[in-house]
Amino acid sequence: MSTVTRIDKSHERLDITVDAKTVDKAIEKAKAVVSKLSERPLSEKQLGKDPAQTKKSAVLSRATRSVAEEAVRDAIQTHGLRPSKNPTTSIDEFVTPGKPFSFSIVIDVVPELDLKYFDKLVVNYDADTEVTDEDVDNRLEEIRGRSAEVEKDSDKPISENDIVEVSFDSFIDDEPYEGSSVDGYAYTVGSHEMPDEFEAALVGMHANEGKTVEFKIPEDFDNEEIAGKTARFDIKVNRVASCTLPEVDDAFAQEFGYEDLAFWRNKIKNELQNEKEGNLEEIKEKAAREALADELEDEPGDDVITATAHRMLAAFKTDLQQQGTNFDEYCLYLHLAEEDVFNEMKEEATTITRENLALESLFRRCNFKINHRELRKTIGELLEENGMPKSISFEQFNQDQQTAIREMTMHRMSGSWSMLILSPSNLSQERRPAACRAAQV
């Protein structure tokens with residue numbers, strides 16, 4: 001049995017009572033586990049002065065944790081709560097054999113924020129789909145870069161577009177700093193990912209050559225801590241991959257099967273036109289989400305955003321691992337600390353959280369309902385995106401996955417409505433939100 005009480009917009013208190021039968025089952029399971037663990041040789045320090053009491057406490061502690069965690073999961077599902085982070089159960093008292101067990105826990109939940117009362121919703125977006133000659137030039141430059149002739153372990157002097165493996169030690173006012181020593185860094189000359197003075201020093205160098213470059217950091221540099229100070233790089237070039245780019249002319253076009261460069265440029269222009277027109281719907285949807293989020297009466301708390309950012313970072317680490325890349329190596333390669341990556345995630349989490357809460361508020365305001373057809377539509381999109389069999393039903397997903405699918409369905413349905421306020425003929429559109437009151441699903 002459980003009851004839920006709202007504390008504030010981001011917290012709910014669960015008051016839970018677990019029946020005596022469930023408690024006794026948990027105690028029996030805990031006894032079996034502790035008994036097996038006790039077969040291992042334990043030191044006097046581990047067993048304490050009263051081994052029997054130590055084992056009894058271990059049984060009750062394990063049973064209490066098991067009972068509480070399962071009861072909290074059931075209560076969350078029963079009351080339809082949406083935790084913003086994993087609940088932690090910290091309970092002072094142990095269960096008692098043959099007796100019900102009652103406890104309370106405060107859950108951090110995704111807040112339900114309201115939209116302001118607004119007469120008109122204004123959505124601004126760039127509907128320009130014109131393709132310029134510069135757009136075509138940029139696409140050709142991408143193709144040109146992929147068509148470069150690469151000479152590995154070259155002894156030629158370094159020039160723009162070459163890929164070099166360098167090691168360097170860097171200093172600010174002659175003082176090293178965290179991450180200032182880098183070994184075996186692959187760098188493309190001309191990418192401007194490093195200071196211009198660093199790049200200029202590389203040009204003309206050869207493999208196995210070293211050089212020191214020193215320069216003053218501009219006074220208006222973004223990082224105020226080092227602005228105006230002196231930077232020094234002690235550079236060692238380990239290897240050079242010389243890259244020779246082809247000329248962009250009729251002969252280059254003919255290598256790709258086109259009669260001449262003019263014909264190829266025209267084809268690229270048409271392709272870019274189709275891409276821009278295809279991206280317009282995505283641009284409009286993004287603009288509508290941003291406009292809706294700006295109508296929230298309140299802002300989500302930092303704890304909700306931080307929890308979302310932590311989940312995003314964990315998922316990112318998992319994705320990297322599945323691709324065979326270690327997160328620490330990733331950070332080292334990009335000269336980043338984990339805190340830097342997390343802060344980037346937090347910025348993205350702020351945008352996502354605000355937009356999702358606004359969509360959920362719109363969902364409630366419009367009295368939308370999630371039915372089986374809408375769930376199937378979300379699942380179909382999800383399965384197609386991940387290349388999974390389309391025969392999987394909603395019931396085959398676990399509890400957490402079902403909750404996520406319901407949230408995705410809410411966001412999709414509200415997002416679809418927000419697109420109805422836009423007309424492709426104008427850059428700025430206004431529609432009365434009252435229109436959604438008649439919408440029913």
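Quantities reported herein were computed from a predicted structural model and do not represent experimental measurements.

Even after reading the chapter, I still don't get the overall build of the chain, so can you show me in this structure?
A tally of regular secondary structure across the chain gives 12 helices and 10 strands. By the compact-globule yardstick of 22 Å for 441 residues, the chain is too spread out, its C-alpha radius of gyration being 30 Å. Considering only C-alpha atoms, the chain reaches an extent of 85 × 70 × 50 Å along its principal axes. Considering the chain as a whole, with its 441 residues, one finds that 36% of them fall into the buried category. The long-range fraction of contacts in the chain, counting pairs at least 24 apart against all pairs at least 6 apart in sequence, stands at 73%.

I would appreciate a short explanation of unusual backbone geometry in the present structure.
Negative phi values dominate among residues other than glycine, just as trans dominates among peptide bonds. Unlike most non-glycine residues, Asn-161 shows phi in positive territory, near 85°. Examined against the element boundaries, Asn-161 turns out to sit in the loop between strand E5 (149–151) and strand E6 (163–172). Phi is positive for Asn-208, which is not a glycine, with a value near 70°. Looking at the secondary structure, you find Asn-208 in the loop between helix H5 (196–202) and strand E8 (210–216).

What's the story with the pairing of strand E1 (residues 2–8) in this structure? I'm lost.
In regular strands, side chains alternate between the two faces of the sheet. As judged from the 6 bridges shared by E1 and strand E2 (residues 11–18), these two strands associate in the antiparallel manner. For Thr-5, the partnering residue across the bridge sits in E2 and is Arg-13. Adjacent in sequence and paired antiparallel, E1 and E2 are bridged by 2 residues.

Just to check I follow, could you spell out the packing of aromatic side chains for this structure?
Remark: the centre distance and the inter-plane angle together describe each pair of aromatic rings, the angle taken between the planes. Within this structure, the stated rule accounts for 17 aromatic pairs. With 5.9 Å between their ring centres and 40° between their planes, Tyr-185 and Tyr-187 make a pair best called tilted. Each member of the pair, Tyr-185 together with Tyr-187, is buried. Note on Phe-316 and Tyr-330: the rings are 5.3 Å apart at their centroids and 75° apart in plane angle, and the pair reads as edge-to-face. One end of the pair, Phe-316, is in helix H8 (residues 302–322); the other, Tyr-330, is in helix H9 (residues 327–333), with 14 residues separating them in the sequence. In this structure Phe-316 comes out as partly exposed when scored by relative accessible area, which is 22%. An aromatic cluster of at least three residues, connected via ring pairs, comprises Phe-168, Tyr-185, Tyr-187, Phe-198, Phe-215 and Phe-233. Here the guanidinium or amino end of Arg-232 rests over the ring plane of Phe-171, the centre of that ring lying 4.1 Å away.

So what exactly am I meant to see when it comes to helix H12 (residues 399–419) here?
Residue pairs spaced three or four apart in an α-helix point in one direction, given the helix's 3.6 residues per turn. Here H12 contains 21 residues, and its C-alpha end-to-end distance of 30 Å stays within 8% of the 30 Å for a straight helix at 1.5 Å per residue. Here H12 has its buried residues at Gln-402, Ile-405, Thr-409, Met-410, His-411, Arg-412, Met-413, Ser-414, Gly-415, Trp-417, Ser-418 and Met-419. Buried residues belonging to H12 abut helix H7 (261–293), helix H10 (338–365) and helix H11 (372–385). The N-terminus of H12 is capped by Asn-398, whose side-chain oxygen sits 2.7 Å from the backbone nitrogen of Gln-401.

Would you mind going over a negative patch on the surface with me for this structure?
Residues Glu-149, Glu-247, Asp-249, Asp-250 and Glu-255 make up a contiguous surface patch of negative charge. Positionally, Glu-149 belongs in strand E5. Relative accessible area serves as the criterion here: at 59%, Glu-149 is assigned to the exposed category.

Help me out: how do you make sense of the pattern of salt bridges in this one?
With the rule as written, the count across this model stands at 27 salt bridges. Linking Arg-82 and Glu-360 is a salt bridge whose minimum nitrogen-to-oxygen distance equals 2.9 Å. With Arg-82 in the loop between helix H3 (51–79) and strand E3 (101–108) and Glu-360 in helix H10, this residue pair connects regions lying 278 residues apart in the sequence. You can call Glu-360 buried: its relative accessible area is 3%.

Conventions used here
- Residues numbered from 1 in each chain as written.
- Predicted model: local features only at pLDDT ≥ 70, side-chain atom pairs only at ≥ 80, totals over all residues.
- Heavy atoms only, no water.
- Helix = DSSP H or I, 4+ residues; strand = E, 2+ residues; numbered from the N terminus.
- Rg over C-alpha atoms; globule rule 2.2 N^0.38 Å.
- Buried < 20%, exposed > 50% of the residue type's maximum accessible area, 1.4 Å probe, protein only.
- Contact = heavy atoms within 4.5 Å.
- Pairing = 2+ DSSP bridges.
- Phe/Tyr/Trp six-rings, centres within 6.5 Å; stacked < 30°, edge-to-face > 60°.
- Lys NZ or Arg CZ within 6 Å of the ring centre and 35° of its normal.
- Expected span 1.5 Å × (residues − 1).
- Polar contact = N/O pair within 3.5 Å; in protein donor to acceptor, adjacent residues only side chain to side chain.
- Patch = residues over 30% accessible without salt bridge, like charges linked within 9 Å, V, L, I, M, F, W, Y side chains within 5 Å.
- Areas by Shrake-Rupley, 256 points an atom, 1.4 Å probe, with all protein chains shown as cover.
- Salt bridge = Lys/Arg side-chain N within 4 Å of Asp/Glu carboxyl O.
- Lys, Arg positive; Asp, Glu negative; His and termini not counted.
- Charge placed at Lys NZ, Arg CZ, Asp CG, Glu CD.

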